[in-house]
Amino acid sequence: LSSSSSSSPMMIAYDVHLPNSNFRKSNPGAPDFYVAITSFHTSSPPFAILQLLLKKHCNEEQEIGLRIATVAEDGCVVMFGLTDYGVPSIC
């Protein structure tokens, strides 16, 4: 990650769809979760910012989680999950 990307607001980088026989590229449906990426050297965003990020991409009926991928300079990636509807599953 460049220094310019770490100074910008956090954004959704990927919509992740788990394997599903109903998936179609032309009409993928709602993702199973979103992924946002941040640098290891950047402080974690406040919970309120993460909630706003989820609300911006989900309507009231959707229960789509958010995973934050924290990337170190050596390429090591640590991911953690966030949902706005309870404790996320670890599976």
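Residues numbered from 1 in each chain as written. Predicted model: local features only at pLDDT ≥ 70, side-chain atom pairs only at ≥ 80, totals over all residues. Heavy atoms only, no water.

Colleague: Is there a simple way to explain helix α2 (residues 47-57) in this structure?
Modeller: Residue pairs spaced three or four apart in an α-helix point in one direction, given the helix's 3.6 residues per turn. Residues L50, L53 and L54 constitute the buried set of α2. Along the axis of α2, the buried residues cluster in a sector spanning 95°; they form a single face. Those residues of α2 that are exposed and aimed more than 90 degrees away from the buried face are L52, K55 and K56. (Buried < 20%, exposed > 50% of the residue type's maximum accessible area, 1.4 Å probe, protein only. Helix = DSSP H or I, 4+ residues; strand = E, 2+ residues; numbered from the N terminus. Arc of directions from axis to C-beta.)

Colleague: Would you mind showing me how to read the confidence of the model for the protein here?
Modeller: Any segment with low pLDDT has predicted coordinates that should not be analysed in fine detail. Looking at the protein, the pLDDT average stands at 79 and 77% of residues meet or exceed 70. Within the protein, helix α1 (residues 3-7) has the poorest average pLDDT of any element, 42, and strand β1 (residues 12-16) the best, 92. Note that residues 1-8 has pLDDT below 50 and, in this model, four contacts with residues that lie over four places away or in other chains. (pLDDT = per-residue confidence, 0-100. Contact = heavy atoms within 4.5 Å.)

Colleague: Help me understand the nonpolar core in this model?
Modeller: Within soluble globular proteins, side chains that are nonpolar tend to cluster in buried spots. With 12 residues, the main nonpolar core is built from M10, I12, Y34, A36, L50, L53, L54, C58, I64, L66, I68 and L82. In terms of residues, this core owes the most to one element, α2, which gives three residues. Setting aside residues up to four positions removed in sequence, A36 forms contacts with M10, M11, A13, L53, L66, R67, I68 and A69. (Core = buried A, V, L, I, M, F, W, Y, C linked by side-chain atoms within 4.5 Å.)

Colleague: Honestly, the pairing of strand β4 (residues 77-82) in this entry has me stumped. Any pointers?
Modeller: Looking along a regular strand, one sees the side chains alternate between the two faces of the sheet. Bridge count between strand β3 (residues 65-71) and β4: six bridges; the pairing is antiparallel. Of the residues in β4, the one forming a bridge with V71 is V77. Between β3 and β4, which pair antiparallel in sequence order, lie five residues; one of them, G75, sits at a positive phi of approximately 95°. (Pairing = 2+ DSSP bridges.)

Colleague: Would you take a moment to explain the pairing of β3 for this structure?
Modeller: By the criterion of burial, β3 is predominantly enclosed, with five of the seven residues buried. Bridge count for strand β2 (residues 33-39) against β3 is seven bridges, and the pairing is parallel. The residue bridging Y34 from the neighbouring strand is L66, located in β3.

Colleague: I tried to follow the sheet that holds β4 on my own but got confused; where do I start?
Modeller: Sheet strands pair via backbone hydrogen bonds, and the direction of the pair is either parallel or antiparallel. In spatial order, the strands read β1-β2-β3-β4; together these four strands make up an open sheet with mixed pairing. Edge positions in the sheet fall to β1 and β4, since each of these pairs with one other strand and no more. On average, adjacent strands in this sheet sit at an angle of 25° to one another, irrespective of strand direction. The strands touched by α2 are β1, β2, β3 and β4; relative to β3, the strand with the most contacts, the crossing angle is about 125°. (Axes fitted to C-alpha atoms, helices over the stretch in contact; angles between N-to-C directions.)

Colleague: What exactly am I supposed to notice about the side chain of T70 here?
Modeller: Counting through the fold element by element, T70 comes out in strand β3. Residue T70 is classed as buried on the basis of its relative accessible area, which comes to 15%.

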